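# Secondary and tertiary structure notes
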Amino acid sequence: MIGRAWWIPWLWLAPTLALLGVFLVYPSVDTVRRSFLDERSREFVGFDNYQTIIDNPNSLAADTHAALLNNMLWLTVFTAVCVGLGLIMAVMTARVRYEAAAKAAIFVPMAISFVAVAVIWRFMYEVDPDVGTVNAIFSELGKDPVAWLNNTQSPQRPFVDLPPADSPAPFQVNNFALIAVGVWNWTGFTLVILSAGLKSIPDDVMEAARVDGAGEWQIFRRIILPIMSPTIVVVTTTLVIQTLKTFDLVFVMTNGRFKTDVVATLFYKEAFVFRDFGVGAALAVVLLLFVVPIMVLTIRRFQFQEEIR
Amino acid sequence: MAEVTYEHVTKRFAEDAPLAVDDFDLKVADQEFLVLVGPSGCGKSTTLRLLAGLEEITEGNIYIEDRLVNDVQAKDRDIAMVFQSYALYPHMSVFDNMAFGLTLRKIPKDEIRQRVNEAAEILGIAELLKRKPRALSGGQRQRVALGRAIVRKPSVFLFDEPLSNLDAKLRVQTRAEIIKLHQSLGTTFVYVTHDQTEAMTMATRIVVMDRGRIQQVGSPQELYERPQNMFVAGFIGSPAMNFFDVVVEGDGDDLQLRAVEGFAVPVPPEKRAELATYKRRKVVMGIRPENIHDNDFQPPNIRASLVDAQVDVTEMMGNEVNVYLLVGGHAFLARVDSRTTARPGQNIRAAFDIDRLHLFDPDTEQMIGLPAEVRASAPPAESS
Amino acid sequence: MSTQRLSALPPGRFRDTLRRLFGRAPLHLVIIAMCIVWSVPTVALLVSSFRDPRAIASSGWWNALFHPAQWTLTNYDSVLSARGMSDAFVNSLIITIPSTLFVIIVAAFAAYAFAWMKFPFRNPLFLIFVALLVVPLQMTLIPILRLYSEITIEGSVPVIGGNFFGVGSYSGLWIAHTAYGLPFAIFLLRNFFGALPRELFESAHLDGASDLTIFFRIVLPLSGPAIAALAIFQFLWVWQDLLVALVLLGDPKLAPMTLQITNLVNSFGSNYQVLTAAAFLSMIVPLLIFFALQRYFVQGILAGSVKG
Ligand SMILES: Nc1ncnc2c1ncn2[C@@H]1O[C@H](COP(=O)(O)OP(=O)(O)OP(=O)(O)O)[C@@H](O)[C@H]1O
Ligand SMILES: [Mg+2]
């Protein structure tokens, strides 16, 4: 609008600038600073904290390598499965009459807090096949029950576990068991959004493709996928951000024991249990470094959207 | 190049819904330009989409050439279709939009490029090939949709109201281009429109539909000259035909049609035999506005019957004047010579051309004197 | 018609029906199987929450389906009364509702400025805001905790059973949740506002409306879907939050349900009876909100992200 004073927009932005500055920007900068200081944030120690993460000296109590690897596992497996399942279900449910009911059934877990999710799934994963649903199915199929979350027969002792006997982290069954819970929790989100994206493709565009000679698979690959790609990027980005922040689920289900720690839970342990702010901050910075490529991607996407507006 | 046969085709969308297409039985000749026309919701699009393979047939068969295509998927029917909304692929450039069908058929890249360029040249969109559909105007999008169909070289072209989103001038221009296209391609065209002017100007043969049923099939001229029922009579021709309720009176040479409004019109000799069974009964008399003249500017060599009427409104059209007339409270329209002196409120003497009267049975709404077998189903006329 | 044509298979209804039934059978099977798998855990929880503690510990939830006589409300009873869960439920509401409202208001102001005002650094600033979406909350907690502690020590004003600001107050949580929710909220609303037709703003300006009038009388009323979507997300996230409450909320009297249930989990170990009922109670409100607003939710999130 012509004649609007220069400071008016900044007035509208003021609350946001203040809140984001205090709660997100300042802590980010402060964390980077602390990652170069000692455990009480008094003396400059250079890259020692990062060295600690690399050396992993305390691998029984706080396995930094496992945490980083687990996070990568979450990033790839969780995201891929959620988006894939959501996409398949979006396309499939669009072809049946009970679409709304089917989507609601899959969305319901989304409305359940991670804490409640953890309660449900500890129950599902219970070792005793008379109580745990998953093992009940396993024993019906004639298989031995699996300790889904422990992955080891060692007794539970907080923060000190024997390393698992067979496979190295992160390819332990308990990580996949946790990711399965995450998938169960988040597929409803991808399904609902992707299915709305699918609905926004006009029918006649798909019909035109059909008349042009495209079969179902070609319509999916050459029409639906590319037209929906902005939506798929939104959903994928959201999920990737979600995985990097994965905390609640692991915290409540296993508290990071049995080598299920992710960076966020380990960071929490370092900072609030071991009281080592330095290593904690360094871990957070490493987490942020994971995030940078995704940040770049997101920003690119927004610039792209600016162009077509 | 193909002929298309609809064999008693019926379409019902839901168990309790009325028939969207009811016993559609028609043979479309090779290289014909067939236009399906009718009011909104009469089943034109559905008929077309059944042929395209976008809807499932409820009953009956459809053949393309000699091949039964009831269960053949749209992609395997070798047809191309231009949609009303154009249905361009939003994520592809104009070139890719046009090339899509060809790439799916694994046609060599060189040939694709050549065919697309050729079509783009014909349609005048060669400069737009790199653009995305959203950067095109409505008319340009329409051309791309047309081009996408042309490059395919299909055996049948389908059009579903492709001109309805264009402005009046562009519509006339594109209409002419599609006619030219039909002549140069020599392919079977099936074209849906609700606009009877479009149908009259483009078709070699027209199918008039109403409520899912074929009302009449014929060349534009046949439909105009000899509409077989009141629906076709009222639908074809613009402005629409006037109808009067009349009673057949008199005898022999004196046979005349007396309107409830009072005036009477003599029956021309050729029609007397047809009316033999209607003596002293009501019939419906139809006459087109262009067959009612101002008595002062009557064209030569017509047999006219004069009716006094009051002028209600006049509309100057340029070469002609639309005169809205009243007789005994019944309004009707005449399209008269532009030199007419008729002014609102005045009375004029209207000259009905009695050789151009259309007579209908008020109960069946069928044309009187229609041979019985014609009434049952219209035979395909020779395509011109 | 030639005989060859007539000899082709007649398109009988019977054949169509067969094809419809069996051609689509895999589709239905996959969808229904997936729905069942997805519902089992929730149903298990629901059924268990109505079972006797000993029965839960000794046999699978599915057994209860055959013995409806054993169903009981004792779990709900003990959760609601003895465990202070009803307080936690109220706490959750007190924490969640203002946090949701604040985000909507603050973000809507910023989104309006980004969408319809011109100022230097508009786009870079917007991109930075969106980039903040990916800052992990854990990283911000230590500095914020320190900040809160300092404020709490220096001068604490008690408000609704806590301090006005800082550790151990609702308001500290409200402000924190508002800040954490802002990047996503601004991103969502800005896209929606930007998609509103320009003529709307121009004609309002001509009618003499100020920015504030346009914002409250035109933009907000028209943004129902986007705001509903935002409300659902923010509500779900705050309601489900554990971490922020865990760190910033020292006072156990103020603990929300997530925190309370976690404490139950940790102190009861594998005694499911209380947990089942508590977990189910914690789901009820988000589910209600979701089903009430889901229609808007999809429209809102998609505005501006798919079109074009
Ligand atoms: N997918 C569908 N499901 C149910 N009924 C339908 C469907 N498509 C069309 N119909 C119904 O079938 C009838 C014929 O529709 P059709 O689209 O063929 O009309 P049309 O002649 O093309 O009309 P218009 O000129 O408005 O496009 C209408 O009554 C319509 O409501
Ligand atoms: Mg139509």
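This part covers the confidence of the model for chain A. Residues and elements named next belong to chain A. Confidence in the prediction for chain A averages 76 pLDDT; 82% of positions are at 70 or higher. Highest mean pLDDT in chain A belongs to helix H8 (residues 203–212) (89); lowest belongs to helix H12 (residues 277–308) (68). Here residues 152–168 is modelled with pLDDT under 50, and outside its nearest four sequence neighbours on either side it reaches 25 contacts, counting other chains as well.

A word on the packing of aromatic side chains. Overall, the coordinates contain 42 aromatic pairs over all chains when judged by the stated rule. Among the aromatic residues, those joined into a ring-pair cluster are A:Trp186, A:Phe189, C:Phe184, C:Phe187, C:Phe233 and C:Trp237. For the cation-ring pair, B:Arg148 lies above B:Tyr89, with the distance from its terminal atom to the ring centre recorded as 4.7 Å. Against the face of B:Tyr224 rests B:Arg288, its NZ or CZ located 4.2 Å from the ring centre.

Here the focus is helix H1 (residues 44–52) of chain B. All names here are of chain B. Burial runs high along H1: eight of the nine residues are buried. By the burial criterion, the buried members of H1 are Lys44, Thr46, Thr47, Leu48, Arg49, Leu50, Leu51 and Ala52. Gly53 lies just past H1 and shows a positive phi near 90°.

Looking now at the sheet that holds strand S18 (residues 330–337) of chain B. Residues and elements named next belong to chain B. Taken together, five strands build an open sheet; the order of strands is S15-S19-S16-S17-S18 and the sheet is antiparallel. Unpaired on one side and paired on the other, strand S15 (292–294) and S18 mark the two borders of the sheet. Neighbour-to-neighbour, the strand axes of this sheet turn through a mean angle of 50°, independent of strand direction. Across seven bridges, strand S16 (residues 304–316) lies against strand S19 (residues 347–353) in antiparallel orientation. Of the residues in S19, the one forming a bridge with Leu306 is Ala351.

Bringing the confidence of the model for chain C into the picture now. Residues and elements named next belong to chain C. Residues at a pLDDT of 70 or more form 74% of chain C, whose mean pLDDT is 74. The secondary structure element of chain C with the lowest average pLDDT is helix H1 (residues 3–7), at 38, and the one with the highest is helix H6 (residues 85–116), at 88. Long-range and interchain partners of residues 1–12, a stretch whose pLDDT sits below 50, account for 17 contacts in this model, where long-range means more than four residues apart. Here residues 153–166 is modelled with pLDDT under 50, and outside its nearest four sequence neighbours on either side it reaches 28 contacts, counting other chains as well.

A few words now on unusual backbone geometry. One can expect most non-glycine residues to show negative phi and most peptide bonds to be in trans. Residue and element names in this part refer to chain B. In this chain, Ser238 is followed by Pro239 through a cis amide linkage whose omega measures 0°. For Pro239, the position within the fold is in the loop between helix H8 (230–235) and strand S11 (242–249). Located in the positive-phi region is Tyr86, a residue other than glycine, with phi close to 75°. Here Tyr86 shows up in the loop between strand S6 (79–82) and helix H2 (94–104). Positive phi, normally seen in glycine, also occurs at Lys106, with a value near 60°. Tracing the backbone shows Lys106 in the loop between H2 and helix H3 (109–123).

Let us look at the sheet that holds strand S10 (residues 213–218) of chain B. Residue and element names in this part refer to chain B. Taken in spatial order, the six strands line up as S6-S7-S8-S3-S9-S10 in an open sheet, and their pairing is mixed. Edge strands, defined here as strands with exactly one partner in the open sheet, are S6 and S10. The mean angle between the axes of side-by-side strands here comes to 15°, regardless of whether they run parallel or antiparallel. Relative to strand S8 (residues 188–193), strand S7 (residues 156–160) runs parallel, the two being bridged by five bridges. Its bridge partner being in S8, Phe159 is matched across the sheet by Tyr191.

Attention now moves to the interface of chain B and chain A. If you look at the interface, chain B gives 24 residues, while chain A gives 17 residues. The largest contributions to the chain B side of the interface with chain A come from B:Lys75, B:His91 and B:Leu104, which together make up 29% of the buried area. Where chain B packs against chain A, one counts two salt bridges. Ionic pairing is found between A:Glu207 and B:Arg49, a salt bridge with its closest N-O pair at 2.5 Å. Put simply, chain B and chain A have 10 residue pairs in polar contact (both at pLDDT 80 or more) between them. Of all the secondary-structure elements, those providing two or more residues to the side of chain B that touches chain A are H1, S6, H2 and helix H4 (138–152) of chain B. Looking at the side of chain B that touches chain A element by element, the count peaks at four residues for H2(B). Class assignment of the residues belonging to the side of chain B that touches chain A gives a composition of 14 nonpolar, four polar and six charged.

About the cut-offs
- Residues numbered from 1 in each chain as written.
- Chains lettered and ligands numbered in written order.
- Predicted model: local features only at pLDDT ≥ 70, side-chain atom pairs only at ≥ 80, totals over all residues.
- Heavy atoms only, no water.
- pLDDT = per-residue confidence, 0-100.
- Helix = DSSP H or I, 4+ residues; strand = E, 2+ residues; numbered from the N terminus.
- Contact = heavy atoms within 4.5 Å.
- Phe/Tyr/Trp six-rings, centres within 6.5 Å; stacked < 30°, edge-to-face > 60°.
- Lys NZ or Arg CZ within 6 Å of the ring centre and 35° of its normal.
- Buried < 20%, exposed > 50% of the residue type's maximum accessible area, 1.4 Å probe, protein only.
- Pairing = 2+ DSSP bridges.
- Axes fitted to C-alpha atoms, helices over the stretch in contact; angles between N-to-C directions.
- Buried area = accessible area lost by both parts, 1.4 Å probe.
- Salt bridge = Lys/Arg side-chain N within 4 Å of Asp/Glu carboxyl O.
- Polar contact = N/O pair within 3.5 Å; in protein donor to acceptor, adjacent residues only side chain to side chain.
- Nonpolar A, V, L, I, M, F, W, Y, C, P; charged D, E, K, R; others polar.

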